[in-house]
Amino acid sequence: MPNKKITSDLLQGLTHNAIASLRMGVEDYQSNDADRQLSAARNFAAGTLLLGKACLVNAAPPNSDPMAVLGAKFSPVIEGNEFVIKPASAATIDVEQLKKRFRDFGLPAPRGDLDRLTKLRNAIEHLHTDQGPQQVKEAIAACFPTVLGFFELLGRSPLEDLGAAWETMQAVESFQKEEAARCAKTFEAVDWPNSLPIRPECPECGSALVAQKNPANSDPVMIKLRCLSCGSEKDDYQAIAVLVEGAFGGEAFRAARDGANGPIYDCPECGHSLYIANSEVNTCLYCGYEVDGACSVCGERLGVGNVDWEDHSLCSYHAYVASKERYR
Ligand SMILES: [Zn+2]
Ligand SMILES: [Zn+2]
Ligand SMILES: [Zn+2]
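Participant: Would you mind going over the packing of aromatic side chains in detail, with residue names and values included?
Facilitator: Within this structure, the stated rule accounts for four aromatic pairs. Note on F102 and F150: the rings are 5.6 Å apart at their centroids and 40° apart in plane angle, and the pair reads as tilted. With F102 in helix α4 (residues 95-104) and F150 in helix α6 (residues 132-154), this residue pair connects regions lying 48 residues apart in the sequence. The class for F102 is buried, based on a relative accessible area of 0%. Ring plane angle 65° and centroid distance 6.5 Å describe the contact between F151 and W166, whose orientation is recorded as edge-to-face. Note that F151 is positioned in helix α6 and W166 in helix α8 (residues 164-185), a separation of 15 residues in sequence. Summarising the burial analysis for this pair, F151 and W166 share the class buried. An aromatic cluster of three or more residues is present, and its members are F144, F151 and W166.

Now the structure itself:
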């Protein structure tokens, strides 16, 4: 970034480039050329991120160093007698850092599904062209509220800036919403503990447009899933795994990142990684087994984390002690 200071020209330039990328993304998307779907995804993701960066620049005090606002890495440096924090490279923030910087700047959290955008950016290089259009369509729909929120923060009108491209985005978003609602309806009868959220994501193509093949079915174990986007199907424990991942994958990821366990565990009864234990749920979503009661030796309350896999009436420690005694 050549300018050392934030000026209205710099902000105009960033915003202009963001809008140009979004427009190109929509044009690529609308072409029937499968190869251009990759370019659509790339332009679209870049435009959204750039517009978010423009929001940060807009919120920073005038005359600040733009790299202090958008830099990804900083190092403490001694200059003369002064201790200063300086950008450590020319790299600028990614989507994850953008979210954090919005918080640090006291800006409202970006709306919409930015994770979808991150995944798309990561998937761009491996996109199969036959899956491209649907992925791009879903990313556009997911970014719609985000882009709208960024325009609001910048005090600009998306219709004026994006014109026909904005109308296309609007149409794609409402179509995707209708499709998603249609999919959600197919799970209405499912007898799920504490009415767990159903947010499936196709493990083959990443689409959220996953439906239950038989909407009349209420038994979780009998669920057969079909992805409306790539047509792949899952049943039995693999179908439950898709639903478990959608409902608890985020929570499990955050727990693991913080060095904690749960809420997804291996089931001591059926062995599948489909046992859920958190403050609201304590059951295997596949076989229905629930760890309950207390260890018959020490009286400690049993949970999926400490129950013995062979003898469900003992804690794993006392099951170990018992087995030692048996072989003495
Ligand atoms: Zn799929
Ligand atoms: Zn089980
Ligand atoms: Zn015990």
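Participant: Can you tell me about the coordination of the zinc ion (ligand 3), naming the residues and giving the values?
Facilitator: Within the protein, C295 (SG), C298 (SG), C315 (SG) and H318 (ND1) serve as the donor atoms for the zinc ion (ligand 3), at 2.0 to 2.4 Å. Coordination geometry of the zinc ion (ligand 3): the four donor atoms subtend angles of 94 to 122° at the metal centre, consistent with an arrangement described as tetrahedral. Motif for the zinc ion (ligand 3), donor spacing along one chain: C-x2-C-x16-C-x2-H. Residue class for C295 comes out buried when judged on its relative accessible area of 4%. Residue classification places C298 among the partly exposed positions, given a relative accessible area of 37%.

Participant: Which residues make up the sheet that holds strand β4 (residues 224-227), and what values do they have?
Facilitator: Within the open sheet, the three strands sit side by side as β3-β4-β5. Their pairing is antiparallel. What marks the edges here is a single partner per strand, and that holds for β3 (210-212) and β5 (233-235). Neighbour to neighbour, the strand axes of the sheet diverge by 25° on average, direction disregarded. With three bridges connecting them, β3 and β4 associate as antiparallel partners. Residue pairing across strands places A211 opposite R226, the latter belonging to β4. Contacting β4 and β5, helix α9 (residues 236-257) runs over the sheet at an angle of about 105° to β5.

Participant: Got a sec to walk through the side chain of T146? Specific residues and values, please.
Facilitator: With respect to the secondary-structure elements, T146 resides in helix α6. Looking at T146, the relative accessible area reads 1%, which means it is buried.

Rules of the game
Residues numbered from 1 in each chain as written. Chains lettered and ligands numbered in written order. Predicted model: local features only at pLDDT ≥ 70, side-chain atom pairs only at ≥ 80, totals over all residues. Heavy atoms only, no water. Phe/Tyr/Trp six-rings, centres within 6.5 Å; stacked < 30°, edge-to-face > 60°. Helix = DSSP H or I, 4+ residues; strand = E, 2+ residues; numbered from the N terminus. Buried < 20%, exposed > 50% of the residue type's maximum accessible area, 1.4 Å probe, protein only. Donors = N, O, S within 2.8 Å, 3.2 Å for Na, K, Ca; no water. Tetrahedral: all angles 85-135°; square planar, octahedral: opposite > 155°, others 65-115°. Pairing = 2+ DSSP bridges. Axes fitted to C-alpha atoms, helices over the stretch in contact; angles between N-to-C directions. Contact = heavy atoms within 4.5 Å.

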